[in-house]
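What follows is the residue order along each chain.
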Amino acid sequence: MKSLLFTCLSLFSALVGGATFSNPLRTGNGSDPFLVHVDGYYYLPTTTWRDIQLIRAKTIEGPKAGESKTIYAMANPNPEGGNDVWAPELHKVNGTWYVYYSQGRKSWVLTGGSEPWGPYTDSKQVHQEWGIDATLVEITGWGTYYVWSCTVDNLQSLCIAKLVTPTSIGPLSTLSQPTEEWERIEVPVNEGPAGLYRGNKTWIAYSASFCKTPDYVVATLLRDGVGDPLKASSWKKSSGPVFSSANGNYGTAHNGFFTSPDGTEVWNIYHATQNPSGSCGADRQTFAQVLNWDADGSPDFGRPVKAGDVLKAPSGEEQVGR
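Just so we're clear, the structure is a prediction, and the values are computed from it rather than from any experiment.

Another aspect to go through is empty space enclosed by the protein. All chains considered together, the criterion is met by 1 cavity of 30 Å³ or more. By volume, the largest cavity is sized at about 40 Å³. Residue lining of the largest cavity: Asn29, Gly30, Ser31, Pro33, Leu44, Pro45, Thr46, Thr47 and Thr286, and that is the complete set. When residues in the lining of the largest cavity are grouped by element, the largest group, 4 residues, is from strand E3 (residues 41-47). Here the residues of the lining of the largest cavity sort into 3 nonpolar, 6 polar and no charged.

Next up on the list: the sheet that holds strand E2 (residues 36-38). Taken in spatial order, the 4 strands line up as E2-E3-E4-E5 in an open sheet, and their pairing is antiparallel. The strands lining the two open edges of the sheet, one partner per strand, are E2 and strand E5 (67-73). Neighbouring strand axes in the sheet, compared pairwise and without regard to direction, differ in orientation by 25° on average. Note: strand E4 (residues 51-57) against E5, 6 bridges, orientation antiparallel. Directly across from arginine 56, in E5, lies its bridge partner glutamate 67.

Spatially, the 3 strands line up as an open sheet ordered E18-E19-E20, and their pairing is antiparallel. Each edge of the open sheet is held by one strand with a lone partner, namely strand E18 (250-259) and strand E20 (285-290). On average, each strand axis in the sheet is tilted by 30° relative to the strand beside it, whichever way the strands run. Inspection of the sheet shows E18 paired to strand E19 (residues 266-273) by 6 bridges, in the antiparallel sense. Paired with phenylalanine 258 across the bridge in E19 is tryptophan 267.

So, on to the confidence of the model for the chain. Summary statistics for the chain give a mean pLDDT of 93 and a share of 92% for residues scoring 70 or more. Low pLDDT (under 50) marks residues 1-15, which in the prediction has 5 contacts with non-local residues, meaning those over four places away or in another chain.

Another point: the state of the cysteines. A full pass over the atoms with the stated rule returns 2 disulfides. Sulfur-sulfur distance for the disulfide between cysteine 150 and cysteine 159 comes to 2.1 Å. Looking down the S-S bond of the cysteine 150 and cysteine 159 bridge, the torsion is 85°, so its handedness is right-handed. Summarising the burial analysis for this pair, cysteine 150 and cysteine 159 share the class buried. There is a disulfide in this structure between cysteine 211 and cysteine 280, and the S-S distance comes to 1.8 Å. A torsion of 105° about the S-S bond marks the disulfide between cysteine 211 and cysteine 280 as right-handed. With cysteine 211 in the loop between strand E15 (201-208) and strand E16 (217-223) and cysteine 280 in the loop between E19 and E20, this residue pair connects regions lying 69 residues apart in the sequence. With relative accessibility at 12%, the residue cysteine 211 sits in the buried group. Sequence-ordered numbering of the bonded cysteines in the chain gives a pairing of 1-2, 3-4.

Next up on the list: unusual backbone geometry. Here asparagine 23 and proline 24 are connected by a cis peptide whose omega angle stands at 5°. Of note, the bond from glycine 118 into proline 119 is cis; its omega dihedral lies within 30 degrees of zero at 10°. Looking at the element boundaries, proline 119 is found in the loop between strand E8 (106-111) and strand E9 (121-125). Within the chain, glutamate 186 stands out as a residue other than glycine whose phi angle is a positive 70°. Note that glutamate 186 resides in the loop between strand E13 (168-176) and strand E14 (190-198).

Attention shifts here to the pattern of salt bridges. Enumeration over the complete set of coordinates arrives at 5 salt bridges. Residues arginine 56 and glutamate 67 are paired through a salt bridge, measuring 3.0 Å at the closest nitrogen-oxygen approach. Taken together, the residues arginine 56 in strand E4 and glutamate 67 in strand E5 connect sequence positions 11 residues apart. Judged by its relative accessible area of 18%, arginine 56 is buried. A relative accessible area of 43% places glutamate 67 in the partly exposed class. Between lysine 64 and glutamate 61 there is a salt bridge, with its nearest N and O atoms 2.9 Å apart. Using a relative accessible area of 14% as the deciding quantity, one classes glutamate 61 as buried.

Cut-off values and rules
Residues numbered from 1 in each chain as written. Predicted model: local features only at pLDDT ≥ 70, side-chain atom pairs only at ≥ 80, totals over all residues. Heavy atoms only, no water. 1 Å grid on protein atoms, 1.4 Å probe; cavity = no way out; pocket = protein on both sides within 12 Å on 5 of 7 lines; lining within 4 Å. Points joined across faces, edges and corners; volume = space filled by probe spheres on them. Helix = DSSP H or I, 4+ residues; strand = E, 2+ residues; numbered from the N terminus. Nonpolar A, V, L, I, M, F, W, Y, C, P; charged D, E, K, R; others polar. Pairing = 2+ DSSP bridges. Axes fitted to C-alpha atoms, helices over the stretch in contact; angles between N-to-C directions. pLDDT = per-residue confidence, 0-100. Contact = heavy atoms within 4.5 Å. Disulfide = S-S within 2.5 Å. Buried < 20%, exposed > 50% of the residue type's maximum accessible area, 1.4 Å probe, protein only. Salt bridge = Lys/Arg side-chain N within 4 Å of Asp/Glu carboxyl O.

Take a look at the structure:
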């Protein structure tokens with residue numbers, strides 16, 4: 001009875017405090033999520049492995065049944081896989097929106113226009129080397145950098161290069177390799193980088209270990225405002241995972257970050273599975289929760305929230321139609 005009363009009071013408190021939502025935002029094909037909020041809409045690119053779909057909604061609850069359209073489709077999909085599409089991300093460069101994505105273990109980009117809703121055309125390969133999970137990271141005073149999962153010494157690592165144009169990069173450098181035990185569970189992996197910013201500090205969150213395990217986790221690299229971003233010595237790796245399986249969610253990784261509508265909060269968006277063994281498949285779901293900050297300015301990821309819990313929506317969101 002006390003537990004039920006507490007749940008009811010928590011729900012009432014959340015409801016009177018403003019808009020609410022519950023996870024997961026996507027129950028299928030919810031892997032490798034990335035979300036932006038622009039001019040009153042959330043934009044969430046997703047994939048069915050054969051295409052890229054773009055969802056938009058006015059509320060964080062909206063992607064469950066939001067407006068969607070296909071912005072890219074494979075010309076000749078291989079029914080046995082091997083040329084799959086995944087990890088699409090939306091980024092604005094010099095006033096134009098681009099979608100960076102992986103296909104056939106290569107890195108590609110679609111060119112859009114001044115609005116994130118598209119259309120998107122002109123698919124181009126960014127570089128020729130093996131590479132997946134590309135993202136863009138802004139370094140104050142240095143410019144825009146292209147960060148992705150690459151292979152170095154037969155290890156799936158993280159690489160970084162200066163973004164020369166939205167569709168081309170400069171010489172690459174090795175940023176991180178899976179050298180720690182917690183990065184090498186079943187398969188040594190560093191992948192899924194995402195930029196996070198506060199003050200003069202830049203973090204690159206990334207995923208470590210094999211996705212088909214419950215030990216697929218998020219860790220971080222920190223650049224404390226000094227040093228050449230192309231040098232691994234300018235970045236400090238976290239001493240262990242900063243976000244890992246909990247509350248019935250497993251493999252809680254390949255995350256991204258977005259800002260609340262009023263700009264006062266940073267949110268963590270990530271995928272998870274209810275399979276205790278972990279998963280690399282379409283059963284992964286999309287979750288979002290607010291990111292907190294420690295007294296020293298470091299990010300506090302907390303623990304993955306339980307599916308179905310009612311949460312307060314991102315700050316600045318009105319209770320409007322989806």
